[in-house]
Amino acid sequence: MADQDTGYVEDPAPGHGRLAPRARFDSDAPCLELDGPWRFRAAAGVHDLALGFEDPAFDDTHWDRLPVPSCWQLHGIGAPAYTNVTYPFPVDPPRVPDENPTGEYRRVFTLPGDWPAGRSVLRLDGVDSCFAVWLNGVRLGDGKGSRMPTEFDATDVLRTGPNVLAVRVHQWSAGSYLEDQDMWWLSGIFRSVRLLSRPAGGLDDFFVHAGYDHTTGAGTLRIDTSGAARLSLPALGLQDADPAGPHTFEDVVPWSAEQPHLYLGELTTGSERIHVRIGFRTVTVEDGLLKVNGRRLLLRGVNRHEWDPETGRTLSDATMLRDVLLMKRHNINAVRTSHYPPSSEFLALCDEYGLWVVDECDLETHGFEQVDWRGNPAADGPWRAACLDRMRRVVERDKNHPSVIMWSLGNESGTGENLAAMAAWTRDRDPSRPIHYEGDRDSGYVDVYSRMYADHAETELIGRGEEPVTDDPALDAHRRQLPFILCEYAHAMGNGPGGLSEYQRLFETYPRLQGGFVWEWIDHGIARHTPDGRRFFAYGGDFGEQVHDANFVADGLVLPDRTPSPGLVEYKKVVEPVRIDVAEADALIRIHNGHDFRDTSHLRFRWRAEDDGEPVAEGELAVPTLAAGARTTLPQPALPPAEGERSLTVVAELAGDEPWAGAGHEIAWGQSVTGTFREPGRPAGARRARPGRSLRGPSAVARTTDRLDIGPARFDPVTGALRGLGRLALDGPVLDVWRAPTDNDELGPRLADRWRDFGLDRLTTKVRDVVPAGDGLTVVTRVAPAGSDAALTATYHWRADDEALRLDLAVAPLGDWPLPLPRIGVRLALPGWIDTVDWYGRGPGEAYRDSAAAARLGRFRSTVDALQTPYVRPQENGNRHEVRWARLTGDGGGLEVSGGFDLTVRRWTSHQLDAARHSTDLTPGDRVHVNLDAAHHGLGSASCGPGTLPQHTLHAEPTMLRLTLRGL
Ligand code: IPT
């Protein structure tokens, strides 16, 4: 019987023929995995269907195969498309275009001979966006709600022996209007499919209520079950008990993200054993604070989309574990599952390893903003059932995870009565967890005040409880009693975010500010290859999309292949749960245990003293165990007198193995720096120099018609340009203010456009004076953009002794400079054989002035290539901050520079970096390009949020750069 009724596609109803949502659990009842290769046919739309494909006798032998689970666009069927807010189809709810890519899936499976009698349930864990299912030619039903399971009763149509399962999946449906998350549009059966045996007398569902009384240490347990069952919890002495209890245990180990203690047990019926993992914790909003087990939480969170650059939203268990381990190792303690419930396996890992979870409903109607919210499904009566269904499915599926401490109604769906109804239903069903939704600005139906991208100043106002008054006085008063979280902040697009430390300071100052979730965890780049086989990550527009949002999809703390970006390393330092302040003034070490629950007995503390980056002494620091929140002050270790610049670094590391990292893993550190570094290239005992200050005995200028030499340096006598140093040929240094704009420079207020309009990327130079005088050379240049009388005067004072060349560069703006500069410093080009960089300064990683907390003072070495950060869209990157000296070397010798500068070294120019769209557009040239900067403009996070803070803004003002150069 052919079933061509596709009316369900545009029906706002959530589905037909489905079973009621329930908890996800593991039991010993048989389960048949239906993942693997399925037969697949790609249809152009609902007018192009394979008639009778559901008929078991249908011949599909000529069909292709497609793996289940997978996203079909990543298997060459159709193409991925990326939009942030805009629906990629006309806004005509609930209708969708006839051009509706549709996938027809078929699979034959054999029911094992010992498959038990009783009911059988077919479960699809995730299908995007709408589908209908037939088993052995019988239509079981249809469903929507892409990232939630759908179950059908298969009992009556299941046969022993071969069974034929047919699933028709449509890319677009009424459900698509509810799934406008900022991500790739991808389709198909992208999570697992299983057939579950539900033995007679088994349990359909249960709800664990496990509370913790922090005043007594007692745990209470009640498990509501859908039928008769017994409970065993050996560690708490329960054997064959009534799950309904309620049971009280005098002394339980509570669950927290810091110490995720789970009690393992079993629910048994005559026919089934179900594994339960119980974590005792109580979540409250009281005294205006979000608390777990009586303590205020500080959320050090990230927004996590499910992403893999090869498989899209289909994630392996190993990838999910990798996310959890990476998060734990970077001091992250919370995840908002933006913007849909993740695979259940991920939540199980959060329970086990310890992460606070804000579990978000699969709901976003953001594109209605572009039609002034007319017909917004979140507010519109006919969509009520669909909205409630989605909320119900996330709550029912995930209710037994101790890691889930809040329910979130969804994201960016405006506001409206359907959202309020979702909140009301949830509050009734699970009063034990607060409700979150950012779009409820007055917090009328939510339990925490939540915002996204509020800047530092506004966040501080909220911290003080002094945010602007809103319209409804009663709601305004209510909101002021609520804790505050930034459900999104610090947009991690490309190079950035800057300004994390300043946010953290606010969170640690105002109790109401309970932290937040960086936007976002991972860049959703799609792995692709150039024709010559080089891998890169594609973004919006790379698949011929007519409407797209380019690389706005690449805004994570890890690159698409999960390499931590410098932003993640910075975040780890900024949110470290132990603060170590090694004071310069009073020779004390102050330690604050910033954990919410855990004492410091799992940590050991080490110290290390260095002079100019050379080890002087090291040891272990005896720190008394500090309870959560406690502080101590200790004397610094006795050390020999400093020779040069002294750093004292104290590190807190794991004393033993944790499930998520091994002994020795670093958690936190603090460092003091005192004194002045000794210039390299000076014999030991030479008098201490201010950076670049002293030359041994200045060399005289030697001038002929075609040469101008000072000591080891050769200049062009006409332009005054440096051409060589010893045997090293070089080009520059010359004044440079341009950087390849970052995403934060490009977007938001579009600072990069102002830079280009002003002409900062096309400055020309006029040499005004070349004045050899006694033992030095002075070169004056005027550097300026076309069509303007604004200019920068760069005055180079050169001097040398027999081995070192000294530059004092003075830069002064002339005329009107109404905009910040990208950078200020010099660039020079060196031979391409330079491949190694050693430096003494901050490192080891990339750092910019407003993202430099993670960079410590020390000696580091890297290759030129490894200094680059391959952001998905190429842009300024790789800066090493506050460098005292650097040696750039290779087979042919090299260059040593000392002074005080920021350093980038790359095999392409800033202009080439700026022009590149993908990493593979950058190919090494025959020179190495070096920038030595007095300063950079900060990064900020203006791509979606506040720009660079005033204190990190680089104004055009008189600037000095002093360098000493030596050929090696
Ligand atoms: C906000 C969205 O919630 C999130 O999904 C993502 O799009 C982010 O912005 C930017 O990357 S919404 C925005 C209008 C603040």
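Residues numbered from 1 in each chain as written. Predicted model: local features only at pLDDT ≥ 70, side-chain atom pairs only at ≥ 80, totals over all residues. Heavy atoms only, no water.

S.K.: So what exactly am I meant to see when it comes to unusual backbone geometry here?
M.R.: Negative phi characterises most residues that are not glycine, and trans characterises most peptide bonds. Omega for the peptide link from Gly 245 to Pro 246 comes to -5 degrees, which places this bond in the cis form. Mapped onto the elements, Pro 246 comes out in the loop between β19 (238-241) and β20 (247-249). Residue Glu 520 is bonded to the preceding Trp 519 through a cis peptide linkage, with omega at -5 degrees. Structurally, Glu 520 is set in the loop between β33 (513-518) and β34 (526-529). One non-glycine residue, Asp 372, lies in the positive phi region at around 55 degrees. Mapped onto the elements, Asp 372 comes out in the loop between β28 (356-360) and α3 (384-398). (Helix = DSSP H or I, 4+ residues; strand = E, 2+ residues; numbered from the N terminus.)

S.K.: Mind showing me how you'd approach the site of the ligand here?
M.R.: Taken together, 14 residues are adjacent to the ligand, and Asp 182, His 339, Asn 411, Glu 488 and His 491 come closest. The side chain of Asp 182 places a nitrogen or oxygen atom 2.5 Å from an oxygen atom of the ligand. Separating an oxygen atom of the ligand from a side-chain N or O atom of Asp 555 is a distance of 3.0 Å. Contact with the protein chains covers 86% of the free accessible surface of the ligand, which is 390 Å². (Near = heavy atom within 4 Å. Polar contact = N/O pair within 3.5 Å; in protein donor to acceptor, adjacent residues only side chain to side chain. Areas by Shrake-Rupley, 256 points an atom, 1.4 Å probe, with all protein chains shown as cover.)

S.K.: Help me understand empty space enclosed by the protein in this model?
M.R.: Gaps left between atoms are located by rolling a probe of water-molecule size over the structure's atoms. One pass over the structure, following the stated rule, counts six cavities of 30 Å³ or more. What the largest cavity holds in volume is close to 220 Å³. Lining the largest cavity are 16 residues, and of these Glu 258, Lys 328, Pro 577, His 595 and Trp 660 lie nearest its centre. Both domains that meet at the lining of the largest cavity, namely domain 3 (294-573) and domain 4 (576-674), each give it at least three residues. Roughly 60 Å³ of internal volume is contained in the second largest cavity. Asp 128, Arg 147, Glu 179, Trp 185 and Leu 186 are, among the 13 residues lining the second largest cavity, the residues nearest its centre. At three residues, strand β13 (residues 183-185) tops the list of elements feeding residues into the lining of the second largest cavity. (1 Å grid on protein atoms, 1.4 Å probe; cavity = no way out; pocket = protein on both sides within 12 Å on 5 of 7 lines; lining within 4 Å. Points joined across faces, edges and corners; volume = space filled by probe spheres on them. Domains from an automatic or database assignment.)

S.K.: Looking at this structure, how should I read the nonpolar core?
M.R.: Generally speaking, soluble globular proteins have nonpolar side chains that are buried together. Core analysis: the largest hydrophobic core is formed by 120 residues, its most contacted members being Ile 580 and Ile 591. Counting residues in hydrophobic clusters, the runner-up holds 60 residues, among them Ile 710, Leu 728, Val 837 and Phe 901. (Core = buried A, V, L, I, M, F, W, Y, C linked by side-chain atoms within 4.5 Å. Buried < 20%, exposed > 50% of the residue type's maximum accessible area, 1.4 Å probe, protein only.)

S.K.: Can you walk me through the sheet that holds strand β41 (residues 646-654) in this structure?
M.R.: Within a beta sheet, neighbouring strands are joined by backbone hydrogen bonds and run either parallel or antiparallel to one another. Here four strands make up an open sheet; going across it, the order is β39-β38-β41-β42 and the pairing antiparallel. The sheet is open, and its two edges are formed by β39 (614-621) and β42 (666-674), each paired on a single side. Neighbour to neighbour, the strand axes of the sheet diverge by 15 degrees on average, direction disregarded. The pairing of strand β38 (residues 603-611) with β39 spans seven bridges and is antiparallel. Across the sheet, the residue bridging to Phe 605 is Leu 621, located in β39. (Pairing = 2+ DSSP bridges. Axes fitted to C-alpha atoms, helices over the stretch in contact; angles between N-to-C directions.)

S.K.: Sorry, what's going on with the packing of helix α5 (residues 456-464) against helix α7 (residues 500-509) here?
M.R.: Each packed pair of helices is defined by two parameters, the angle between the axes and the distance between the axes. The geometry of α5 relative to α7 is characterised by a closest axis approach of 10 Å and an angle of 5 degrees between their N-to-C directions. Of the possible angle classes, the one that applies to α5 and α7 is roughly parallel. Contacts from His 456, Thr 459 and Glu 460 in α5 reach Glu 502, Tyr 503, Leu 506 and Phe 507 in α7. Within the contact of α5 with α7, the residues separate by chemical class into three nonpolar, two polar and two charged. (Parallel < 35°, antiparallel > 145°, perpendicular 65-115°, else oblique. Contact = heavy atoms within 4.5 Å. Nonpolar A, V, L, I, M, F, W, Y, C, P; charged D, E, K, R; others polar.)

S.K.: Would you take a moment to explain the domain arrangement of the protein chain for this structure?
M.R.: The parts lose accessible area when they come together, and the size of an interface is often stated as this lost area. Along its sequence, the protein chain is organised into domain 1 (2-198), domain 2 (206-284), domain 3 (294-573), domain 4 (576-674) and domain 5 (701-967). Inter-centroid distance (C-alpha atoms) of domain 1 to domain 3 is 27 Å. Opposite the 46 residues of domain 1 that make contact, domain 3 presents 54 residues. Here domain 1 and domain 3 share an interface that buries about 4300 Å² over both sides, 60% of which is from carbon and sulfur atoms. On the domain 1 side of the contact with domain 3, Tyr 82, Leu 178 and Trp 184 bury the most area, a combined 19% of that side's loss. Run the count over domain 1 and domain 3 and you get six salt bridges. (Buried area = accessible area lost by both parts, 1.4 Å probe. Salt bridge = Lys/Arg side-chain N within 4 Å of Asp/Glu carboxyl O.)

S.K.: Where do I start with the sheet that holds β19 in this structure?
M.R.: The antiparallel open sheet is built from four strands, whose spatial order is β19-β18-β21-β22. Looking at which strands have only one partner, the edges of the open sheet turn out to be β19 and β22 (272-278). For this sheet the average axis-to-axis angle between neighbouring strands, irrespective of direction, equals 20 degrees. Sheet topology note: the strand β18 (residues 230-233)/strand β21 (residues 263-269) ladder contains three bridges and is antiparallel. Bridge pairing in β21 links Ser 232 to Glu 266.

S.K.: It is not clear to me how the packing of aromatic side chains should be interpreted in this structure. Could you clarify?
M.R.: Centre distance and the angle of the planes are the two values used to describe a pair of aromatic rings. Within this structure, the stated rule accounts for 34 aromatic pairs. Where Tyr 82 meets Trp 184, the ring centres are 5.9 Å apart and the plane angle is 55 degrees; that geometry is what we call tilted. In this pair, Tyr 82 sits in strand β5 (residues 81-83) while Trp 184 sits in strand β13, placing the two residues 102 residues apart along the sequence. Their ring planes at 40 degrees and their centres at 5.5 Å tell us that Trp 839 and Phe 860 sit as a pair that is tilted. (Phe/Tyr/Trp six-rings, centres within 6.5 Å; stacked < 30°, edge-to-face > 60°.)

S.K.: What exactly am I supposed to notice about the environment of Leu 158 here?
M.R.: For Leu 158, the position within the fold is in the loop between β11 (150-153) and β12 (161-170). Classification of Leu 158 as buried rests on a relative accessible area of 16%. Considered as a pair, Leu 158 and Leu 111 are 47 residues apart in the sequence and their alpha carbons are 8.3 Å apart. Residues within four places of Leu 158 in sequence aside, it is in contact with Phe 109, Leu 111, Trp 115, Ser 120, Leu 135, Asn 136, Asn 163 and Leu 195.

S.K.: Looking at this model, I keep getting lost on the pairing of strand β32 (residues 484-489). Mind explaining?
M.R.: Strand residues, when the strand is regular, have side chains that alternate between the two faces of the sheet. Counting buried positions over the six residues of β32 gives six, a clear majority of the element. Bridge analysis of strand β31 (residues 449-452) against β32 gives four bridges, and the strand direction is parallel. From the neighbouring strand, Met 452 faces β32, where its bridge partner is Glu 488. Looking at chain direction, β32 and β33 are connected through three bridges and run parallel.

S.K.: When you look at the pattern of salt bridges in this model, what are you seeing that I'm missing?
M.R.: Should the charged atoms of two oppositely charged side chains come close, the side chains can pair. Across all of its chains, the model carries 89 salt bridges by this definition. The residue Arg 590 makes a salt bridge to Asp 586 at a minimum N-O spacing of 2.5 Å. With a relative accessible area of 31%, Arg 590 lands in the partly exposed category. Among the residues examined, Asp 586 registers a relative accessible area of 33% and is labelled partly exposed. For Arg 842, the salt bridge is made with Glu 882, and the minimal N-O distance between the two is 2.9 Å. Of this pair, Arg 842 sits in strand β54 (residues 834-843) while Glu 882 sits in strand β56 (residues 880-890); the two residues are 40 residues apart in sequence, bridging distant segments of the chain. It is possible to trace a salt-bridge network through shared partners that takes in Arg 24, Glu 33, Arg 123, Asp 125, Arg 194 and Glu 345.

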